[in-house]
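Residues per chain, in single letters:
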Amino acid sequence: MKVWLDGGLQDIESARVSVFDHGLTVGDGIFETVKAVDGKPFALTRHLDRLTRSARGLGLPEPDHDEVRRACTAVLEANPMPLGRLRITYTGGHGPLGSDRGDHGPTLLVALGRSTRRADSTAAVTVPWTRNERGALTGLKTTSYAENVVALARAHQQDATEALFANTVGQLCEGTGTNVFVVLDGEIHTPPLASGCLAGITRALVVEWTGAKETDLPLDVLQRADEVFLTSTLRDVQAVHRVDDRELPGAPGPVTAKAMRIFDERSGHDQDP
């Protein structure tokens, strides 16, 4: 396996990031996960645009899109596989052992891992912790992911693959790495960005392609929605057959199944929508 690190391809055994990298010491970094099918990245332009938005929000220098594209191409060509998780990581770089940044410039790392197609449906649980819709990192895809690690471990303990958060005012927000949609009376709804959720790439495409409505929703909507589904880069559109102790028999339901078909068809015809 080869990765791209600070300007070129390196063997995974010899690639090294400084022990003083701010991404390691204080979580000062951003990232994107991009689906790669047969060596071709999906929706890369949208991912790079979000990477730039996250960099601005964190106060990092804006990444050079041409360099990141070169890095992605090089890594994909060096590591051929049918379905991959392409990870772009961009950190504050070498810095002091504190919150202040150094002046060495950012670190860019691009790596690729094998992936498999997700199941058509999964289980999810709600967790007692909240998303802060008014926090400094709200809406940014940062490497400060420990909160998600803890929540996802809770989900795995309950035989689920995702944990769902409310925000500080009790509204449905998002999952650890997903956006959440519900079907009410035949209509698709998803929390608005003001809820504190990440502006997911797959979320945006599903909203555009299905006409889903952005709606403030209480967390308990999960206990009465006709259907529930998740979206993310590697899940695409995935039905939920259980939320906590509530079973949703027959998942994917008809509305979710249609959304799945639409996404598969549209994404199959355009690699960079």
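Owing to the predicted nature of the structure, the values given are computational and were not obtained by experimental measurement. (Residues numbered from 1 in each chain as written. Predicted model: local features only at pLDDT ≥ 70, side-chain atom pairs only at ≥ 80, totals over all residues. Heavy atoms only, no water.)

(A) The arrangement of the overall build of the protein in detail. Secondary structure summary: the protein contains six helices and 15 strands in total. Against the 2.2 N^0.38 benchmark of 19 Å for 273 residues, the protein shows a C-alpha radius of gyration of 19 Å, consistent with a compact globule. Principal-axis analysis of the C-alpha atoms gives the protein an extent of 55 × 40 × 30 Å. For the protein, the residues scored as buried account for 48% of the 273 residues in total. Pairs at least 24 apart in sequence give 69% of the contacts found in the protein among residues at least 6 apart. Accessible surface, the protein: about 12700 Å² in total, of which carbon and sulfur atoms supply 51%. (Helix = DSSP H or I, 4+ residues; strand = E, 2+ residues; numbered from the N terminus. Rg over C-alpha atoms; globule rule 2.2 N^0.38 Å. Buried < 20%, exposed > 50% of the residue type's maximum accessible area, 1.4 Å probe, protein only. Contact = heavy atoms within 4.5 Å. Areas by Shrake-Rupley, 256 points an atom, 1.4 Å probe, with all protein chains shown as cover.)

(B) Local environment of the nonpolar core. Counting residues in each nonpolar core, the largest one holds 24 residues, and the members touching the most others are W4, I30, C72, L86, I88, L108 and V110. Elements that contribute at least two residues to this core include exactly strand 3 (29-37), helix 2 (44-58), helix 3 (65-78), strand 5 (83-91) and strand 6 (107-114). Of the residues forming this core, the biggest block, six residues, is contributed by helix 3. Non-local contacts of L86, meaning those with residues more than four positions away in its chain, are made with E32, T33, V34, P41, C72, V75, L76, V110, A111 and L112. In this structure, F181, I201, V207 and V237 belong to the second largest nonpolar core, which totals 16 residues. (Core = buried A, V, L, I, M, F, W, Y, C linked by side-chain atoms within 4.5 Å.)

(C) How the structure looks around the packing of helix 5 (residues 201-210) against helix 6 (residues 254-269). Two elements in contact, helix 5 and helix 6, have axes whose closest approach is 10 Å; the angle formed by their N-to-C orientations is 105°. When the axis of helix 5 is compared with that of helix 6, the two are roughly perpendicular. Seen from helix 5, the contacting residues are T202, L205, V206, W209 and T210; seen from helix 6, they are A259, I262, F263, R266 and S267. Residues of the contact of helix 5 with helix 6, tallied by class, amount to six nonpolar, three polar and one charged. (Axes fitted to C-alpha atoms, helices over the stretch in contact; angles between N-to-C directions. Parallel < 35°, antiparallel > 145°, perpendicular 65-115°, else oblique. Nonpolar A, V, L, I, M, F, W, Y, C, P; charged D, E, K, R; others polar.)

(D) Here's a closer look at the sheet that holds strand 6. The six strands are arranged 2-1-6-5-3-4 in an open sheet whose pairing can be described as antiparallel. Looking along the sheet, the strands with just one partner apiece sit at the ends: strand 2 (8-11) and strand 4 (40-41). Pairing of strand 3 with strand 4, which is carried by two bridges, proceeds in the antiparallel orientation. Opposite A36, over in strand 4, you have P41 as the bridge partner. Where helix 2 meets the sheet, it contacts strand 3, strand 4 and strand 5, and its direction lies at approximately 175° from that of strand 3. (Pairing = 2+ DSSP bridges.)

(E) Quick peek at unusual backbone geometry. Cis geometry is found at the peptide bond from A251 to P252, where omega equals 0°. Structurally, the position occupied by P252 is in the loop between strand 15 (246-247) and helix 6. Not every positive phi belongs to a glycine, and D38 is a case in point at roughly 50°. Mapped onto the fold, D38 is located in the loop between strand 3 and strand 4. A residue is classified by how much of its surface remains accessible, and D38, at 58% relative accessible area, is exposed. One non-glycine residue, A43, lies in the positive phi region at around 55°. Structurally, the position occupied by A43 is in the loop between strand 4 and helix 2.

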